[in-house]
Amino acid sequence: MNNNREIIAILRERIPSFECVKGCHDCCGPVTTSSEEMSRLPVKTDAEHEAALDEWNCVHLGPNGCEVYEERPLICRVFGTTPNMPCPNGCRPKEMIDSKTEGQIHHYIANTRQVLV
């Protein structure tokens, strides 16, 4: 793995997906992400960020859910795929994320500059 873009692509492929409860946004609170992942998201105004934080939401949470779902950060993708970050509604993939990949994701997060989404 040479650069952050490649690392993110590889890690994303290893995170299992699953169906959520329609209308649930428990994982859509304010989160931090790497500058690389942030660069893929639409720029929001300071007012939009403040309004989202006032509601303890992610700035990209819209009336119909995540507005950046395909580009959502790794931390959002991991939610519900590991016993360390369980979905409060019990949703989960058939097979949880493997511990090696989870460790690599946490290592990436811990070793990159994180910014508030």
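Above this text you will find the structure in question.
In this text the structure is predicted, and so the values were computed from the model without any measurement.

Draft legend 1. Up close: the packing of helix 1 (residues 4-14) against helix 5 (residues 99-110). At a closest axis distance of 10 Å, the pairing of helix 1 and helix 5 adopts a crossing angle of 145°. When the axes of helix 1 and helix 5 are compared, the crossing they make is left-handed. Taken together, the residues of helix 5 that come into contact with helix 1 (itself represented by Asn4, Ile7, Ile8, Leu11 and Arg14) are Thr101, Gln104, Ile105 and Tyr108. Among the residues forming the contact of helix 1 with helix 5, the class breakdown is five nonpolar, three polar and one charged.

Draft legend 2. Examining the packing of aromatic side chains more closely. Summed over the entire model, instances satisfying the criterion amount to zero aromatic pairs. Above the plane of the ring of Tyr69 lies Arg72, whose end atom (NZ or CZ) is 3.8 Å from the centre.

Draft legend 3. Local environment of the nonpolar core. One finds Leu11, Ile15, Leu74, Val78, Ile105 and Tyr108 to be the most contacted residues of the largest nonpolar core, which totals 14 residues. Those elements giving two or more residues to this core turn out to be helix 1, helix 4 (74-78) and helix 5. In this structure, Ile15 is in contact with Leu74, Arg77, Val78, Thr81, Ile97 and Ile105, ignoring residues within four places of it in sequence.

Draft legend 4. Representation of a negative patch on the surface within the structure. On the surface, a cluster of negative charge is made up of Asp46, Glu50, Asp54 and Glu55. Note that Asp46 resides in helix 3 (residues 46-54). The exposed category is assigned to Asp46, whose relative accessible area is 60%.

Draft legend 5. Structural detail: the environment of Ile105. Positionally, Ile105 belongs in helix 5. Judged by its relative accessible area of 1%, Ile105 is buried. Sequence spacing of Ile105 and Ser39 is 66 residues, and the spatial spacing of their C-alpha atoms is 18 Å. For Ile105, the residues in contact, after removing those within four places along its chain, are Leu11, Ile15, Leu74, Val78 and Ile97.

Draft legend 6. Main features of the side chain of Thr82. You can see Thr82 is positioned in the loop between helix 4 and helix 5. Those residues in contact with Thr82 that sit more than four places away from it in its chain are Met96, Ile97 and Glu102.

Draft legend 7. Molecular detail of the pattern of salt bridges. Under the criterion given, the structure shown has five salt bridges. In this structure, Arg12 and Glu71 form a salt bridge, with 3.4 Å as the shortest nitrogen-oxygen distance. You can see Arg12 sitting in helix 1 and its partner Glu71 sitting in the loop between strand 3 (65-66) and helix 4, a full 59 residues away along the chain. A residue is classified by how much of its surface remains accessible, and Arg12, at 15% relative accessible area, is buried. Judged by its relative accessible area of 29%, Glu71 falls in the partly exposed class. Across the pair Arg40 and Glu36 runs a salt bridge, and its minimum N-O distance is 3.9 Å.

Draft legend 8. Structural view of the side chain of Arg77. Relative to the assigned elements, Arg77 resides in helix 4. Put simply, Arg77 is tucked away with no salt bridge, and the nearest opposite charge, on Glu71, sits 5.5 Å away. Within the structure, Arg77 has its side chain in polar contact with the backbone oxygen of Glu70 (distance 2.7 Å). Not counting chain neighbours up to four residues away, the residues in contact with Arg77 comprise Arg12, Ile15, Tyr69, Glu70, Glu71 and Arg72.

The rules behind these values
Residues numbered from 1 in each chain as written. Predicted model: local features only at pLDDT ≥ 70, side-chain atom pairs only at ≥ 80, totals over all residues. Heavy atoms only, no water. Axes fitted to C-alpha atoms, helices over the stretch in contact; angles between N-to-C directions. Helix = DSSP H or I, 4+ residues; strand = E, 2+ residues; numbered from the N terminus. Left-handed = near helix turned anticlockwise from the far one by under 90°. Contact = heavy atoms within 4.5 Å. Nonpolar A, V, L, I, M, F, W, Y, C, P; charged D, E, K, R; others polar. Phe/Tyr/Trp six-rings, centres within 6.5 Å; stacked < 30°, edge-to-face > 60°. Lys NZ or Arg CZ within 6 Å of the ring centre and 35° of its normal. Core = buried A, V, L, I, M, F, W, Y, C linked by side-chain atoms within 4.5 Å. Buried < 20%, exposed > 50% of the residue type's maximum accessible area, 1.4 Å probe, protein only. Patch = residues over 30% accessible without salt bridge, like charges linked within 9 Å, V, L, I, M, F, W, Y side chains within 5 Å. Areas by Shrake-Rupley, 256 points an atom, 1.4 Å probe, with all protein chains shown as cover. Salt bridge = Lys/Arg side-chain N within 4 Å of Asp/Glu carboxyl O. Lys, Arg positive; Asp, Glu negative; His and termini not counted. Charge placed at Lys NZ, Arg CZ, Asp CG, Glu CD. Polar contact = N/O pair within 3.5 Å; in protein donor to acceptor, adjacent residues only side chain to side chain.

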